[in-house]
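Remarks on the overall topology
One-letter residues, chain by chain:
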Amino acid sequence: MAAEEFVGTKTSSLAQALGEAVLRALEADGWFACDGEGRVTGLNPAGARFLADGAAEGRNLKLLLGRLGDETLALRFLAALRDHALTEFVVPRPDAEDEWVEVRGLALPDGM
């Protein structure tokens, strides 16, 4: 369902409730969001650990990802942001040995 289809108070409340439920479900896995310019606009503690920066909010995602030393990871995130596209991939967990992370990116009206 496209974002344009969420109209009216009841439907908007449902969309908000669904979004909050998804964020709670991702609490242990981590999440972060960024605007169309690639600045981090929100994240939880697990997302901050993934980005290796407890003060990531407001910072440039490209720079944060570049510090992780995984060029493919950075390119995939930046391509998803550029294309406003859903993306899913698996990458090595930064600073961990033999651990992998499932990454999902969702397009938002102004970012990811």
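This is a predicted model, so every value here is computed, not measured.

This part covers the pattern of salt bridges. Tallying each qualifying case throughout the model produces two salt bridges. With a closest N to O distance of 2.8 Å, Arg39 and Asp35 form a salt bridge. The class of Arg39 is partly exposed, set by a relative accessible area of 39%. Across the salt bridge formed by Asp83 and Arg82, the nearest N and O atoms sit 2.7 Å from each other. The exposure class assigned to Asp83 is partly exposed, which follows from its relative accessible area of 44%. Residue classification places Arg82 among the exposed residues on the basis of a relative accessible area of 60%.

Inspection of the secondary structure assignment puts Asp35 in the loop between β1 (32–34) and β2 (40–43). For Asp35, a relative accessible area of 12% corresponds to the buried category. Only 2.8 Å separates the side chain of Asp35 from the side chain of Arg39, close enough to count as a polar contact. Beyond its immediate stretch of four places on either side in the chain, Asp35 contacts Thr41, Leu81, Asp110 and Gly111.

Further remarks concern the nonpolar core. Formed by 22 residues in total, the largest nonpolar core has its most connected members in Phe50, Leu51, Leu61, Leu65, Leu73 and Phe77. Elements supplying a minimum of two residues to this core: β1, β2, α2 (45–51), α3 (61–67), α4 (71–83), β3 (87–92) and β4 (100–105). Ranked by residue count, the leading element in this core is α4, at five residues. Ignoring any residue separated from it by four or fewer positions in sequence, one finds Leu51 in contact with Phe32, Val40, Leu43, Ala56, Leu61, Leu64, Leu65, Arg67 and Leu68.

The rules behind the values
- Residues numbered from 1 in each chain as written.
- Predicted model: local features only at pLDDT ≥ 70, side-chain atom pairs only at ≥ 80, totals over all residues.
- Heavy atoms only, no water.
- Salt bridge = Lys/Arg side-chain N within 4 Å of Asp/Glu carboxyl O.
- Buried < 20%, exposed > 50% of the residue type's maximum accessible area, 1.4 Å probe, protein only.
- Helix = DSSP H or I, 4+ residues; strand = E, 2+ residues; numbered from the N terminus.
- Polar contact = N/O pair within 3.5 Å; in protein donor to acceptor, adjacent residues only side chain to side chain.
- Contact = heavy atoms within 4.5 Å.
- Core = buried A, V, L, I, M, F, W, Y, C linked by side-chain atoms within 4.5 Å.

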